[in-house]
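# Understanding the architecture of this molecule
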Amino acid sequence: MKEKTLVRDKFYFFGSRAHDDDIYFGVPGRNRTHTWSRISPAEGAHMLGVPNMILVSSDGDPVPFSSEAYCYMESFCRMKNVLWSVVGSCGFRSMREEEFICELAEKYPNVTGAYIDDMFVGDDLFGDGKTDSREEEFTQKIIDIRNKLNKSSRPLELWATCYVKDVEKFSAKMYDPIDVIAVWNMNTDDITKLEEDIQTYEKLLPQKRKVLGIYLYDYKKGASVSKELMEIQCEKGLKWLKEGRIEGMVFLTNCVMGIGLESEYWLRDWIDKVGDEEL
């Protein structure tokens, strides 16, 4: 008998170290009751009822093969699927990520792939300080990551963050080694233009699998994403998920949770309402 697929099975949680975004909060402000967050990645996913995890390193933390990294992985014991960043925030790499992810996949059956975050930092892929558009070199770097992941004893997927403002800077060929594109737009004022955003990706990468990234916090404005805008993006994402235009939704992040954001409260209730619908 085929196992049922529920809506929440297609939800992923974007996790990073606790306190990572405290610098953005300052003093308590509109729709916020606390000045910092103590929520870990596993706690954030549990609070929302999301069963899949994307763990993204920040400034190289957690370090591959460190005790801290293994402790994070142990905390994901109830996650259905776990992806671990092979490129962290702001393009940081230690150059040992692929080896570490392959080792994790040997020990933990729920490790299903790797994640490239901040694929574009301006035009600066992988944060090496060079801002010219070197597509051939960039493509080779992604191919190298893919080849190293292929040394795993079982297949691992490669996902990548891609911002709307950057997607058309390079040809479709550069994205060939990537299995899933995560569609992100940090400008919350553009949430009402989500249809235009997804069409941009569909035009350039019609065969590429896609997931929709959802921010809970507006980093530019220093405030919660409003309940109205949360509803627009989440309902649109759910519609696309049911239509097969996207394969999932990613919610960012634990280090803006537990501080009283109205977006978090709204999202908890929304996932409770739609999460157990059958696809």
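Everything that follows concerns the structure shown earlier in this document.
Here we summarise the structure given alongside this text. Computed from a predicted structure; not experimentally measured.

Parameters and conventions
Residues numbered from 1 in each chain as written. Predicted model: local features only at pLDDT ≥ 70, side-chain atom pairs only at ≥ 80, totals over all residues. Heavy atoms only, no water. Salt bridge = Lys/Arg side-chain N within 4 Å of Asp/Glu carboxyl O. Helix = DSSP H or I, 4+ residues; strand = E, 2+ residues; numbered from the N terminus. Buried < 20%, exposed > 50% of the residue type's maximum accessible area, 1.4 Å probe, protein only. Axes fitted to C-alpha atoms, helices over the stretch in contact; angles between N-to-C directions. Left-handed = near helix turned anticlockwise from the far one by under 90°. Contact = heavy atoms within 4.5 Å. Nonpolar A, V, L, I, M, F, W, Y, C, P; charged D, E, K, R; others polar. Pairing = 2+ DSSP bridges.

All told, the structure shown has 21 salt bridges when counted by the stated rule. Across the pair Glu195 and Arg245 runs a salt bridge, and its minimum N-O distance is 2.9 Å. Taken together, the positions of Glu195 in helix H5 (residues 194-204) and Arg245 in the loop between helix H6 (227-243) and strand S10 (248-252) put the pair 50 residues apart, joining distant regions of the chain. For Glu195, a relative accessible area of 27% puts it in the partly exposed group. Owing to a relative accessible area of 24%, Arg245 belongs among the partly exposed residues under this scheme. Members of the salt-bridge network, linked through shared partners, are Arg17, Asp20, Asp59 and Asp61.

With respect to the element layout, Trp84 can be found in strand S3 (residues 81-87). Here the alpha-carbon distance between Trp84 and Leu104, two residues 20 residues apart in the chain, equals 9.2 Å.

Moving on: unusual backbone geometry. A cis amide bond, omega 5°, links Asp61 with the succeeding residue Pro62. Along the chain, Pro62 falls in the loop between strand S2 (52-55) and helix H2 (67-75). In this structure, Thr253 follows Leu252 across a cis peptide bond, with omega equal to 5°. Following the sequence through the fold, Thr253 ends up in the loop between S10 and helix H7 (262-274). Positive phi is not limited to glycine here, since Asp59 has a value of about 55°. Overall, Asp59 belongs to the exposed group, its relative accessible area being 57%. Although it is not a glycine, Phe65 sits at a positive phi angle of roughly 70°. For Phe65, the position within the fold is in the loop between S2 and H2. For Phe65, a relative accessible area of 22% corresponds to the partly exposed category.

As a packed pair, H6 and H7 sit with axes 10 Å apart at the nearest point and diverge in direction by 35°. H6 and H7 meet at a crossing whose hand is right-handed. Of the residues in H7, those touching H6 at Lys227, Met230, Glu231, Cys234, Glu235 and Leu238 are Glu262, Ser263, Trp266, Leu267, Trp270, Lys273 and Val274. Within the contact of H6 with H7, the residues separate by chemical class into seven nonpolar, one polar and five charged.

Turning next to the sheet that holds strand S4 (residues 111-116). Pairing within the closed barrel is parallel, and its eight strands lie in the order S1-S2-S3-S4-S5-S6-S7-S10. Direction aside, neighbouring strands of the sheet carry axes that sit 25° apart on average. Pairing geometry for strand S6 (residues 180-184) and strand S7 (residues 209-215), over four bridges, is parallel. Note on S7: the bridge partner recorded for Ile181 is Lys210.

To continue, consider the environment of Leu156. Among the secondary structure elements, Leu156 is positioned in the loop between helix H4 (135-149) and strand S5 (157-163). On the basis of relative accessible area, Leu156 is assigned to the buried category, the value being 5%. Separated by 42 residues in sequence, Leu156 and Ala114 place their C-alpha atoms 7.1 Å apart. Here Leu156 is in contact with Ile101, Cys102, Ala105, Val111, Thr112, Gly113, Arg146, Leu149 and Asp179, once residues within four sequence places are set aside.

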